[in-house]
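Here are the chains, one letter per residue:
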2 protein chains.
Amino acid sequence: MMKLPGKTVERLSEYRRTLLECLNEKRNFIFSHDLAARLHITAVQVRRDLMLIGYSSVLRKGYDVRELIDTIGKIIDSEESMNVAVIGIGNLGRAVAGYFKGKRSKLNLVASFDNDPQKVNRVISGVKCYPYTDIERMIKELDIRIAILTVPPDFAREITEEAVRFGIKGILNFTTIPLNVPSGVYLEEYDMITSIEKVAYFVKENKI
Amino acid sequence: MMKLPGKTVERLSEYRRTLLECLNEKRNFIFSHDLAARLHITAVQVRRDLMLIGYSSVLRKGYDVRELIDTIGKIIDSEESMNVAVIGIGNLGRAVAGYFKGKRSKLNLVASFDNDPQKVNRVISGVKCYPYTDIERMIKELDIRIAILTVPPDFAREITEEAVRFGIKGILNFTTIPLNVPSGVYLEEYDMITSIEKVAYFVKENKI
DNA sequence: TGATTATTGTTAAATTATTAACATTGGTTT
DNA sequence: AAACCAATGTTAATAATTTAACAATAATCA
Ligand SMILES: NC(=O)c1ccc[n+]([C@@H]2O[C@H](COP(=O)([O-])OP(=O)(O)OC[C@H]3O[C@@H](n4cnc5c(N)ncnc54)[C@H](O)[C@@H]3O)[C@@H](O)[C@H]2O)c1
Ligand SMILES: NC(=O)c1ccc[n+]([C@@H]2O[C@H](COP(=O)([O-])OP(=O)(O)OC[C@H]3O[C@@H](n4cnc5c(N)ncnc54)[C@H](O)[C@@H]3O)[C@@H](O)[C@H]2O)c1
């Protein structure tokens, strides 16, 4: 399977989430335009994405929900589950940890790291917090591949550099500092302020 | 000024954040490639974006940091400041509120709403929490335009429908439910799980 | 001063992403 | 069974976004 466009990967994740909702509703088949409507995109887009992963519908009943969930899993999940850690278990870190814990079977949140003595060696939001000084050892011991970065901006660069050196292969950066990673490490950044400013801009423009 | 592409608006917000950092460092001028490097994009992209907003550099010293900050503000900020509320002041809501409070001069977080009796009528993460039942009155009284939605997924649709009816013009949706809004209302959605799954996918692919 | 260099703004080209078009498939209806 | 229909997979067209190319400008230097 050739590497998929990032946008398609994002949508596959969304398809799966939506399909899981379908299962809850005891819906076993779904048409492309139905799935599309739930996500407010076009049916063509759905069909095109599914074409890229080589999934075909059955009969004229639409896509087999369960089967498609599995197929998407085969594409976007890793074979064995992948371990994730939150670095900086402050306000945002706790929210993410609490939310994430136990959500995805193939992605396990196995640790958090912090340097606040009040926090280390406790279970916070369902996940054990280790002292940051142990990060090298724990990354190796727990085979952590992905880090969610929620430390104060000033520490983001240094911590990233270290985490990568110790074996982290993917970073989701919620700090406001753009990071540098060597090739071979995948970086995804999200800046809330940017999102809100974007909303504000289009609200303003609509008014005119 | 014609309506700018969403991507450009996002970057303008990022440029401004970076330029504010420059001011802190007492840097008063910056070259396009410098600004680009800090954000890990290309200099051409910076120049093209600035072209779109009609900003020109001075001399061969690069862009005047202070001036560019102002220019970007004129483009993406609204004339008078715009009021924002968080709906659902749980884990994520509190993180966002605490982070956002007092960050942007033109965007004021003026209220939060919740239906938990333990939370209403208290100041939480620096912002007053009102009972959800007062939302109609408060949106009007405080002239709230933008809502950040951090309620449990099951309530997202209904709350959105009401908020829009009461005058909300922009929504930043952090719930996992895709929302429907009428035209004239701007919607931005962000799904953390999707981001993490995307990271996991590319980590997996890199390995191969 | 005149050549050189660095940096810009802008047009054009390339790339990426989305949407449209349409022939195909197999069920449904008359 | 013939005509019709709904939905699909795929190719082609369109639109959006990014990158490249390059002439223009002014500072620097020999
Ligand atoms: N709260 C939000 O909604 C929000 C939104 C967007 C971005 N952010 C960004 O996310 C980051 C965290 O935000 P927050 O509100 O959770 O802040 P916070 O201060 O509540 O949390 C930061 C945590 O990092 C820990 N920490 C500090 N230095 C550390 C170090 N050197 N090593 C390990 N841990 C360390 C602190 O002890 C704390 O627990 C910030 O960079 C912020 O800009 C937050
Ligand atoms: N925590 C995260 O990092 C995270 C990440 C991604 C998405 N989300 C989404 O964000 C939302 C909130 O997550 P959370 O972790 O903060 O959950 P939470 O349960 O901590 O917070 C939800 C808040 O909404 C309030 N609420 C419930 N029903 C309400 C109603 N009808 N009207 C007004 N307020 C109501 C609750 O009292 C609570 O304070 C969820 O939809 C979740 O899927 C959270």
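Just above sits the structure.
Residues numbered from 1 in each chain as written. Chains lettered and ligands numbered in written order. Predicted model: local features only at pLDDT ≥ 70, side-chain atom pairs only at ≥ 80, totals over all residues. Heavy atoms only, no water.

Student: Which parts of the structure should I look at to understand the sheet that holds strand β3 (residues 82-87) of chain B?
Tutor: The strands that make up a sheet are held in pairs by hydrogen bonds between backbone atoms, and each pair lies either parallel or antiparallel. All names here are of chain B. Across the sheet, 7 strands lie side by side as β5-β6-β4-β3-β7-β8-β9; this open sheet has mixed pairing. Two strands lie at the open edges of the sheet, namely β5 (123-124) and β9 (186-189), each paired on one side alone. Bridge count between strand β7 (residues 144-149) and strand β8 (residues 170-173): 4 bridges; the pairing is parallel. When the sheet's bridge partners are listed, Ile148 is paired in β8 with Leu172. Relative to strand β4 (residues 107-114), helix α5 (residues 91-100) is tilted by about 155°, and along the sheet it contacts β3, β4, β5, β6 (127-131) and β7. Here helix α7 (residues 153-165) sits on the sheet and contacts β3, β7 and β8; the angle it forms with β7, its principal contact strand, is near 175°. (Pairing = 2+ DSSP bridges. Helix = DSSP H or I, 4+ residues; strand = E, 2+ residues; numbered from the N terminus. Contact = heavy atoms within 4.5 Å. Axes fitted to C-alpha atoms, helices over the stretch in contact; angles between N-to-C directions.)

Student: Just checking my understanding: could you explain the site of ligand 2 for this structure?
Tutor: Around ligand 2, 23 residues are found, and the nearest of them are B:Asn91, B:Leu92, B:Asp114, B:Lys119 and B:Val151. In this structure, ligand 2 sits where chains A and B come together, each supplying nearby residues. Backbone polar atom of A:Ala95 to a nitrogen atom of ligand 2: 3.0 Å apart, as the coordinates give it. Within the contact set of ligand 2, an oxygen atom lies 2.5 Å away from a side-chain nitrogen or oxygen of B:Asp114. Contact with the protein chains removes 86% of the 820 Å² of surface that ligand 2 exposes when unbound. Elements that contribute at least two residues to the shell around ligand 2 include exactly α5 (91-100) of chain A together with α5 and α7 of chain B. (Near = heavy atom within 4 Å. Polar contact = N/O pair within 3.5 Å; in protein donor to acceptor, adjacent residues only side chain to side chain. Areas by Shrake-Rupley, 256 points an atom, 1.4 Å probe, with all protein chains shown as cover.)

Student: Whenever I open this one, the side chain of B:Glu162 confuses me. Can you help?
Tutor: In this structure, B:Glu162 sits in helix α7. No salt bridge forms around the buried B:Glu162; measuring N to O, its nearest opposite-charge neighbour B:Arg165 is 4.6 Å away. (Buried < 20%, exposed > 50% of the residue type's maximum accessible area, 1.4 Å probe, protein only. Lys, Arg positive; Asp, Glu negative; His and termini not counted. Salt bridge = Lys/Arg side-chain N within 4 Å of Asp/Glu carboxyl O.)

Student: Is there a simple way to explain the packing of helix α2 (residues 32-39) of chain B against helix α3 (residues 43-52) of chain B in this structure?
Tutor: When two helices pack together, their arrangement is captured by the angle between the axes and the distance separating the axes. Residues and elements named next belong to chain B. Running from amino to carboxyl end, α2 crosses α3 at an angle of 110°, the nearest separation of the two axes being 8 Å. Our classification of the angle between α2 and α3 gives roughly perpendicular. Two packed elements cross with a definite hand, and for α2 against α3 that hand is right-handed. Contacts between α2 and α3 pair Ser32, His33, Leu35 and Ala36 from the former with Ala43, Val46 and Arg47 from the latter. Residues of the contact of α2 with α3, tallied by class, amount to 4 nonpolar, 2 polar and 1 charged. (Parallel < 35°, antiparallel > 145°, perpendicular 65-115°, else oblique. Left-handed = near helix turned anticlockwise from the far one by under 90°. Nonpolar A, V, L, I, M, F, W, Y, C, P; charged D, E, K, R; others polar.)

Student: What's the story with the side chain of B:Arg17 in this structure? I'm lost.
Tutor: Its location among the elements puts B:Arg17 in helix α1 (residues 6-24). Judged by relative accessible area, which is 14%, B:Arg17 ranks as buried. Discounting chain neighbours no more than four positions away, the residues touching B:Arg17 are A:Thr176, A:Pro178 and A:Asp191.

Student: I would appreciate a short explanation of the site of ligand 1 in the present structure.
Tutor: Around ligand 1, a shell composed of 23 residues is seen, among which A:Leu92, A:Asp114, A:Lys119, A:Val151 and B:Ala95 lie nearest. With respect to ligand 1, the chains having nearby residues are chains A and B. Measuring from an oxygen atom of ligand 1, one finds a backbone N or O atom of A:Val151 at 2.6 Å. In the complex, the protein chains occlude 86% of the 820 Å² of accessible area that ligand 1 would expose alone. Of all elements in the fold, only α5 and α7 (153-165) of chain A together with α5 of chain B reach the threshold of two or more residues within the shell around ligand 1. The residue makeup of the shell around ligand 1, split by class, is 13 nonpolar, 7 polar and 3 charged.

On their own, these measurements won't tell you what the molecule is for.
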